[in-house]
Amino acid sequence: MIIGLTGGIGSGKSTVSRQLSARGALVLDADAVAHELMVRGQPVWRDVWEAFGWPVLDAAGHLNRVRLGRLVFHSVSAREALNRLVHPAVRDALRCRTRTAAGAPWIVWDVPLLIEGGLFREVDQVWVVYATRAQQIERIAERSQCTREEAEARVKAQWPLEQKLAYADRVLDNTGTLEGLAQQIQAATAGWATS
Ligand code: ATP
């Protein structure tokens, strides 16, 4: 079974995926896959460099993520261009790793843009981790040590989480404590140990 795990920035996806991994799931993290594919010398690294030029590389030839992030945050066309290079490669890698993961009964695709990018159509169940917008902002600001304004801008650049709930087969309500979230995960995976 493939579970598509999604939510918004700072809503708690990584917290959930860590616990699902501890429960025996194979977690494929789209952000981590994207990182791997953009390592110097990899095809996506080459594509990004060709598209954006020298300014996005550091002196050693690695992609400078801070500069790239800034570039795409301020330009819709640059963001779209980057997404066109990275997203199809990440999707292919997720599919390929799933095909070769014979024997893993539960596979979790942890994909921030699962719904926006259409990948939700390829999973058996969509799980959405929900927190209020104010909580997302507060948790990001605390974790990333960015200002509230920066955190707010990042949350506002995404779909409102309420919009994603319409696609959910299961909602993990992370508006409460971490303990409360863990209990929901226990309940959601109660059958796993015996399956
Ligand atoms: P991103 O999309 O930015 O990777 P995420 O959805 O994976 O974020 P997490 O990294 O799991 O979110 O959580 C964001 C921050 O909020 C973390 O520091 C985490 O420890 C904290 N957090 C998550 N859930 C709760 C909660 N219920 N109460 C308090 N803090 C929480």
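Analysis parameters
- Residues numbered from 1 in each chain as written.
- Predicted model: local features only at pLDDT ≥ 70, side-chain atom pairs only at ≥ 80, totals over all residues.
- Heavy atoms only, no water.
- Phe/Tyr/Trp six-rings, centres within 6.5 Å; stacked < 30°, edge-to-face > 60°.
- Lys NZ or Arg CZ within 6 Å of the ring centre and 35° of its normal.
- Core = buried A, V, L, I, M, F, W, Y, C linked by side-chain atoms within 4.5 Å.
- Buried < 20%, exposed > 50% of the residue type's maximum accessible area, 1.4 Å probe, protein only.
- Helix = DSSP H or I, 4+ residues; strand = E, 2+ residues; numbered from the N terminus.
- Contact = heavy atoms within 4.5 Å.
- Salt bridge = Lys/Arg side-chain N within 4 Å of Asp/Glu carboxyl O.
- Pairing = 2+ DSSP bridges.
- Axes fitted to C-alpha atoms, helices over the stretch in contact; angles between N-to-C directions.
- Polar contact = N/O pair within 3.5 Å; in protein donor to acceptor, adjacent residues only side chain to side chain.

## Side note on the packing of aromatic side chains
In this structure the tally under the stated criterion is five aromatic pairs. Ring plane angle 45° and centroid distance 6.3 Å describe the contact between Trp159 and Tyr167, whose orientation is recorded as tilted. Members of the aromatic cluster, each reached through a chain of ring pairs, are Trp45, Trp49 and Trp54. The ring of Trp127 is capped by Arg170, whose NZ or CZ atom sits 5.2 Å from the centre of that ring.

## A closer look at the nonpolar core
General note: in soluble globular proteins, nonpolar side chains tend to be found buried as a group. Val48, Val90, Leu94 and Trp109 are the most contacted members of the largest nonpolar core, which totals 35 residues. Elements supplying a minimum of two residues to this core: α2 (30-37), α3 (43-52), α4 (65-74), α5 (76-99), β3 (107-110) and β4 (125-130). Here this core takes six residues from α5, the largest share from any one element. Leaving out residues up to four positions away in the same chain, Val90 has contacts with Ala30, Val33, Ala34 and Leu37. Within the second largest apolar cluster, 14 residues are counted, among which are Val16, Trp106, Trp127 and Leu181.

## Overview of the environment of Leu26
For Leu26, the location among the structural elements is in strand β2 (residues 26-29). The spatial distance from the C-alpha of Leu26 to the C-alpha of Ala182 is 18 Å, given a sequence separation of 156 residues. The residues touching Leu26, leaving out its near neighbours within four places in the chain, are Ala101, Ala104, Trp106, Ile107 and Val108.

## Quick notes on the pattern of salt bridges
Close approach of charged atoms lets side chains of opposite charge pair. The full count for this structure, using the stated rule, is five salt bridges. The residue Glu36 makes a salt bridge to Arg97 at a minimum N-O spacing of 2.8 Å. Of the two residues, Glu36 is situated in helix α2 and Arg97 in helix α5; the sequence distance between them amounts to 61 residues. Between Asp92 and Arg95 there is a salt bridge whose closest N-O contact spans 3.0 Å.

## A short note on the sheet that holds strand β5 (residues 170-173)
Pairing is parallel across the open sheet formed by five strands, whose spatial order is β2-β3-β1-β4-β5. Each end of this open sheet is capped by a strand with a single partner; those strands are β2 and β5. For this sheet, the mean inter-axis angle between neighbouring strands, taken without regard to orientation, is 25°. The sheet contact formed by strand β1 (residues 2-7) and β3 spans four bridges and is parallel. Residue pairing in the sheet places Ile3 in a bridge with Val108 of β3. Contacts from helix α1 (residues 13-22) reach β1, β2, β3, β4 and β5, with the element oriented near 155° to β1. Along the sheet, helix α9 (residues 178-188) contacts β4 and β5; its crossing angle with β5, the most-contacted strand, is approximately 155°.

## A look at the environment of Arg23
With respect to the secondary-structure elements, Arg23 resides in the loop between α1 and β2. Of the residues examined, Arg23 reaches a relative accessible area of 28% and is grouped as partly exposed. When the C-alpha atoms of Arg23 and Gly103 are compared, they prove to be 15 Å apart, with 80 residues separating the residues in sequence. Residue contacts for Arg23: discarding those within four places in its chain leaves Gln186, Thr189, Ala190 and Trp192. Polar side-chain contacts of Arg23 include one of 2.8 Å to the side chain of Thr189.

## Overview of the side chain of Thr6
Looking at the element boundaries, Thr6 is found in strand β1. Thr6 sits in the buried class, given a relative accessible area of 0%. In this structure the side chain of Thr6 is engaged in a polar contact, spanning 2.8 Å, whose partner is the backbone oxygen of Val111. Polar side-chain contacts of Thr6 include one of 2.9 Å to the backbone oxygen of Pro112. In contact with Thr6, not counting residues within four places along its chain, are Lys13, Val111, Pro112, Leu113, Leu114, Ile115, Val126, Trp127, Val128, Val129 and Lys164.

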